[in-house]
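Descriptive analysis of the structure
So the chains spell out like this:
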Amino acid sequence: MTAASGSPDSEAQISVHWREEDYYQPPARFIAQANAADPDIFRRFDEAHFPDCFKEYAELLSWDAYWHTTLDTGNAPFWKWFVGGWLNACYNCVDRHLAADRNKAALIWVPEPEAEDTRTITYQELYRQVNEFAAVLRDFCGLRTGDRVTFHLPMVPELPVAMLACARLGVIHSEVFGGFSGVACGERIADSGSRVLVTMDGYYRNGRLVDHKAKADEAVRAANELGQQVDRVLVWRRHPGRYTSQTAMVDDRDCFVDEVLAEHRGAVVEPVSMPSEAPLFLMYTSGTTARPKGCQHSTGGYLTYVAGTSKYYQDIHPEDTYWCCADIGWITGHSYIVYGPLALGTTSVIYEGAPTYPDTGRVWRIAERLGVGIFHTAPTTIRMLRKLGPDEPGKYDYHFRHMTTVGEPIEPEVWRWYHDVAGKGEAVVVDTWWQTENGGFLGSTLPALQPMKPGSCGPGVLGVFPVIYDEDGNTVEAGSGKAGNICIRNPWPGIFQTIWGQPERFLQIYYQKYCRDPASTDWRDWPYFAGDGAVQAADGYFRILGRVDDVINVAGHRLGTKELESAALTVEEVAEAAAVPVVDELRGRAVEMYVALKPGRDAGEEIEDSVARAIEREIGKIARPKNVWIVGDMPKTRSGKIMRRVIAGISNFADVGDVSTLANPEVVEEIRHRIQREK
Ligand code: WT7
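Residues numbered from 1 in each chain as written. Predicted model: local features only at pLDDT ≥ 70, side-chain atom pairs only at ≥ 80, totals over all residues.

**Some details on unusual backbone geometry**
Heads up, the condition is: The helix and strand labels rest on DSSP assignments: H or I over at least four residues marks a helix, E over at least two residues marks a strand, and numbering proceeds from the N terminus. Three classes are used. A residue is buried when 20 or more other C-beta atoms lie within 10 Å of its own, exposed when 12 or fewer do, and partly exposed in between, with C-beta atoms placed from the backbone.
With omega at 0°, the peptide bond leading from F50 into P51 counts as cis. With respect to the helices and strands, P51 occurs in the loop between α2 (40–44) and α3 (55–58). Here A76 and P77 are connected by a cis peptide whose omega angle stands at -5°. Its place among the elements puts P77 in the loop between β1 (69–72) and β2 (80–83). Positive phi outside glycine occurs at K424, with the angle close to 55°. Relative to the assigned elements, K424 resides in the loop between α14 (412–422) and β20 (428–432). Residue class for K424 comes out partly exposed when judged on the 14 C-beta atoms lying within 10 Å of it. A positive phi is found at A555, a non-glycine position, where the angle reads about 50°. As for its placement among the helices and strands, A555 is situated in the loop between β26 (551–554) and β27 (557–560).

**Comments concerning the sheet that holds strand β22 (residues 483–488)**
As a reminder of what qualifies: Whether two strands pair depends on DSSP finding at least two bridges between them. Note on method: axes are straight lines fitted to C-alpha atoms, helices fitted across the in-contact stretch only, with angles between N-to-C directions ranging 0 to 180 degrees.
Pairing is antiparallel in the open sheet, where 4 strands are placed in the order β21-β22-β24-β25. Of all strands in the sheet, those with a lone pairing partner are β21 (466–469) and β25 (542–547), marking the two edges. The sheet shows a mean angle of 45° between the axes of neighbouring strands, taken without regard to direction. Relative to β22, β21 runs antiparallel, the two sharing 4 bridges. Bridge assignment links V467 to a residue of β22, and that residue is C487.

**So, the confidence of the model for the protein chain**
Basically, it comes down to this: Values of pLDDT, ranging from 0 to 100, describe the predictor's confidence in every residue of the model.
Of all residues in the protein chain, 97% attain a pLDDT of 70 or more, and the chain-wide mean is 94. Across the whole predicted complex the pTM is 0.93, and at the interface the ipTM reaches 0.98.

**Description of the site of the ligand**
As a reminder, the rule being used: Near, for a residue, is defined by distance from a backbone-placed C-beta atom to a molecule or strand, with 6 Å as the limit that must not be exceeded. In this count, Pro and Cys sit with the nonpolar residues alongside Ala, Val, Leu, Ile, Met, Phe, Trp and Tyr, while Asp, Glu, Lys and Arg are called charged and the others, Gly among them, polar.
In the vicinity of the ligand lie 24 residues, with W433, Q435, T436, I544 and R558 positioned nearest. Those elements giving two or more residues to the shell around the ligand turn out to be α11 (331–343), β20, β24 (528–536) and β25. Residues that form the shell around the ligand fall into these classes: 9 nonpolar, 10 polar and 5 charged.

What follows is the structure, encoded as structure tokens:
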């Protein structure tokens, strides 16, 4: 079978051959206890029951007032879910569990230094911490319902505490992944209009105490340059009472959270009842322009969707010890470390550091020690653990009953190691396909009722109806062996509401391509364009091929080619830049940068280095290119557009197709020659 894709810059063209894989059946022991084991659930969530099927998810929550309209499509495609309903997300994740489960662990935090004690935070303790921090945000910072606040926090329990404190007040949080640079954080502060930044002095990673507060100063400077004033920087201390950053605290701006908290001991802040449609948080992601997109998620629809999918797809039971080994700084962490699991009142594990430090047994040791039953991670981590510690799982006495993979396509061989070795053949594996924009899973298998198939995420999840369209909007039939653009035919409660401050981009990027009638208020006329290439097998299972837009998925992190190129262009000598994905054994894809210099500038290692450093400074370490190639010229169309697809083809030693229509076809051979010599 061959995957072809219509879009010219399509990454999907890179992965082309595969064979059908055999099914794996869930163990009987799993089925016997699963939250969704009765196939009647497929009838309850079929198309005839849309949108009211989602009431079944909404009823998992405690509402202050019930909705009168399940789905309002009047202002399509700005869907409104559970209109008329009121609730508080923090109340749902914390307060309501106190009566029965006050002293049960809500969060278990494993710090990186093994000598440091694991911290268990009960629901009662979480309640206390969230109330006190909410008092700080409200009374000390003056934040009110609808205000935005940016967090630049690492993997510490203070992060979920801060999120829930915002949710309690109806303040919109925007967490920027801790690994992002200060500049990237500053851009997001400015875009969201945050006056307050919450950060931490340092955190441990790979044996080192990272100076994180240094980034806060850069972030505030970058935000200022973009016209956004930051009045307050709240600094948590990784070791309360001991400040470990090398940067000075700025008078009247910076303060230590532990000191301010001392003034708010025992504070109780009533949860503010919010309309279902009130925004809960922003999560920035990359797209086709350099400006990041603040995906705005709702309170009622989002929480409903993550609670429902956590219950049926993650199979979370209140008595579980559940570990999603992702960073809370990504949507996975928001939905499936914090909001989903806590809404269901389970115990959610979080950890500081890296999965391979101090050794490749770390993850399995934690699983053994804490008795983890549900484990969730990304293909990149699985590939790394499989390569560096293939036999480690067998050395530890843990037993998973459920495992998840998310974020990138997983190769069947890697899937099998995950299932057979990491999971010891005892667990179901669900591959969950979705995006920052989506709030929760879109494509997956319902673990007790649908068999697993390595490399395929599965069919659409309950109440979600995906379809593959070709470039002209014709349906690509299941089993045809043809690839196309995967779209979702209907809205679902977890879908983001808009791009913060850019509603026209929201429309244009996600809905314009396949909208049948811009005046229509019928959801059937507004398929959601996901930006991924996919194929659907005859059994209805989807295989996701990768992005069809200008986004590169590195180790499950989305990087926009435009952002990378803008960063490269900050280097004085650089005239033109192109970022392309190359296949990478561990990270799925890696970034390679091609740059052409201004006339009269000499190529040299210093420039390659400056480009790599500029990308690190502007975006973060995760974006650091695998190679920087300085070339004489870029392959261009006659209208002067740089042909990334052609460069990507050369970089991956693939066929680049017909280049005779280029303005400068001769550079293709020049670049190819150079790459073949040096790679
Ligand atoms: C992109 C979204 C939402 C979780 C974290 C990533 C790719 C995501 C899978 C999967 C194949 C996947 C897609 C998607 N992707 N999950 N199970 N199989 N590809 O969120 O950063 O918004 O990235 O990740 O290309 O569009 P994100």
